[in-house]
Amino acid sequence: MGWLDLLRGRKAAPSAAPKDPQAAPADPEARMAEALAAAQAGDYETALYLWEGLARAGGARAQNNIGACFAEGLGVERDPALAFRWLHLAAENGDPVGQRNLAALYFKGEGAPQDYLRAAELYRAAADQGDAPAQDMLSWMLLEGEVVPFDAAAARRFAVLAADQGIASSMTRLGMLYHNALGVERDPAEAARWWRRGAERGDADGQAMLGAAHHIGSGAPRDPLAAYEWLLRGYHGGSGLAAPFMDAVRATLSPDQEAEAERRAALPLPAPEPLP
């Protein structure tokens, strides 16, 4: 038995490993950097071996990383129950990424009974510590109003925090807030500006809505070719918001214009507009 048995909570026999993974590392930061480099290179066996020593010494981020590997099947067989065990340790030790990842397990009902309220509590704990994906998810939940009370102002606040850290879906959500006058005055130009930011960073819904804005001429110049390009990007990216506009926009284009829009949509995304 080796490092995988240790991760699964079994007592392992002495191994020929050069270092004792249960010993407190002399330089945790260096060990974390080494593990991260190994993971980025696809060597999860080495990364998990290093993270395990750190995790057993109380390192919350290492506990999270092990849990994430079991949640995603990275270097180990996917095991939601073990993911829950390690992520629970990370969350209890205050790691915001661990809190967010544990929230995802509760939200999906993987490794633990589905519990949307507990998920929301954990997303908020992570969001309050500055975790951008948790801020994005909490913003969405506050707008849905099903698990936590609807609060457009709080949804906007967390979306702005996440957008400032580059989360494209929060940029698109801010566009929706301005488009639908939720917690702010309706502002088509501001809506289109946020949709463009999300679109240029690859958010399919942002691309669809930017295409719609160019089609209607709401907050953005009326431009059928640009509209079709962005709608195509959103459609192929999986946004259900693009399809209702596709036929109407295509009908305004000549065959050459349609081909040009398709050519543009196949190109890499343009450089994103700088954040303020």
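Before reading on, note that the structure itself is shown above.
Everything numeric here is computed off the predicted structure, so don't read it as measured data.

The rules behind these values
Counting of residues starts from 1 at the beginning of each chain's written sequence and follows it residue by residue. The predicted origin of the model limits local features to residues at a pLDDT of at least 70 and limits the giving and counting of side-chain atom pairs to 80 or more, whereas totals for whole chains, interfaces and linings rest on all residues. The side-chain values count all of the structure's non-hydrogen atoms but skip hydrogen atoms and water molecules. Segments assigned H or I by DSSP are reported as helices when at least four residues long, segments assigned E as strands when at least two residues long, and all are numbered from the N terminus. Each helix should span, by expectation, one fewer than its residue count multiplied by 1.5 Å. Exposure classes here rest on a 1.4 Å probe applied to the protein chains alone. A residue is buried below 20% of its type maximum, exposed above 50%, and partly exposed in between. Think of a salt bridge as a Lys or Arg side-chain nitrogen and an Asp or Glu carboxyl oxygen that are within 4 Å of each other. By convention, a stacked pair of Phe, Tyr or Trp rings (six-membered ring in the case of Trp) has centres within 6.5 Å and planes under 30 degrees apart, an edge-to-face pair has planes over 60 apart, and any other such pair is tilted. Charge-over-ring contacts are defined here by two conditions on Lys NZ or Arg CZ: a distance within 6 Å of the ring centre and an angle within 35 degrees of the ring normal.

A few points about helix 5 (residues 80-92)
Within an α-helix, residues lying three or four positions from one another point in the same direction, as the helix has 3.6 residues per turn.
Thought 1: If you check helix 5, its first and last C-alpha atoms are 18 Å apart, about what 13 residues at 1.5 Å a residue would give, namely 18 Å.
Thought 2: Of all the residues in helix 5, the buried ones are Leu 82, Ala 83, Phe 84, Trp 86, Leu 87, Ala 90 and Ala 91.
Thought 3: At the exit of helix 5 stands Gly 94, carrying a positive phi of roughly 90°.

Focus on unusual backbone geometry
Thought 1: Notably, Ala 181 is not glycine yet its phi reads approximately 55°, a positive angle.
Thought 2: Here Ala 181 lies in the loop between helix 10 (168-180) and helix 11 (188-200).
Thought 3: Taking the relative accessible area as the measure of exposure, Ala 181 reaches 37% and is therefore partly exposed.

Concerning the pattern of salt bridges
Pairing between side chains becomes possible if they bear opposite charge and their charged atoms approach one another.
Thought 1: Under the counting rule described, the total for this entry stands at 14 salt bridges.
Thought 2: Measuring nitrogen to oxygen at the nearest pair gives 3.0 Å for the salt bridge that ties Glu 273 to Arg 197. Of this pair, Glu 273 sits in the segment after helix 15 (255-265) while Arg 197 sits in helix 11, and the two are 76 residues apart along the sequence.
Thought 3: Its relative accessible area of 23% is what places Glu 273 among the partly exposed residues.
Thought 4: Overall, the relative accessible area of 3% leaves Arg 197 in the buried class.
Thought 5: In this structure, the salt-bridge partner of Arg 263 is Glu 260, at a minimum N-O distance of 2.8 Å. With a gap of three residues between them, Arg 263 and Glu 260 both fall in helix 15, about one helical turn apart.
Thought 6: Given a relative accessible area of 46%, Arg 263 falls into the partly exposed group.
Thought 7: With relative accessibility at 24%, the residue Glu 260 sits in the partly exposed group.

What to know about the packing of aromatic side chains
Thought 1: Taken as a whole and judged by the stated rule, the model has three aromatic pairs.
Thought 2: Relative to Tyr 116, the ring of Phe 107 lies with its centre 5.0 Å away and its plane at 65°, an arrangement referred to as edge-to-face.
Thought 3: Residue class for Tyr 116 comes out partly exposed when judged on its relative accessible area of 36%.
Thought 4: Aromatic pair Phe 107 and Trp 140: ring centres 6.3 Å apart, planes at 70°, arrangement edge-to-face. Placement of Phe 107 in helix 6 (residues 96-108) and of Trp 140 in helix 8 (residues 132-144) is noted, with a sequence separation of 33 residues between them.
Thought 5: For Trp 140, a relative accessible area of 34% puts it in the partly exposed group.
Thought 6: One aromatic cluster is present, formed by Phe 107, Tyr 116 and Trp 140 through successive ring pairs.
Thought 7: The ring of Trp 194 carries Arg 193 above its face, with NZ or CZ at 5.4 Å from the centroid.
Thought 8: Geometry around Trp 194 places Arg 197 over its ring, the cationic atom sitting 4.8 Å from the centre.

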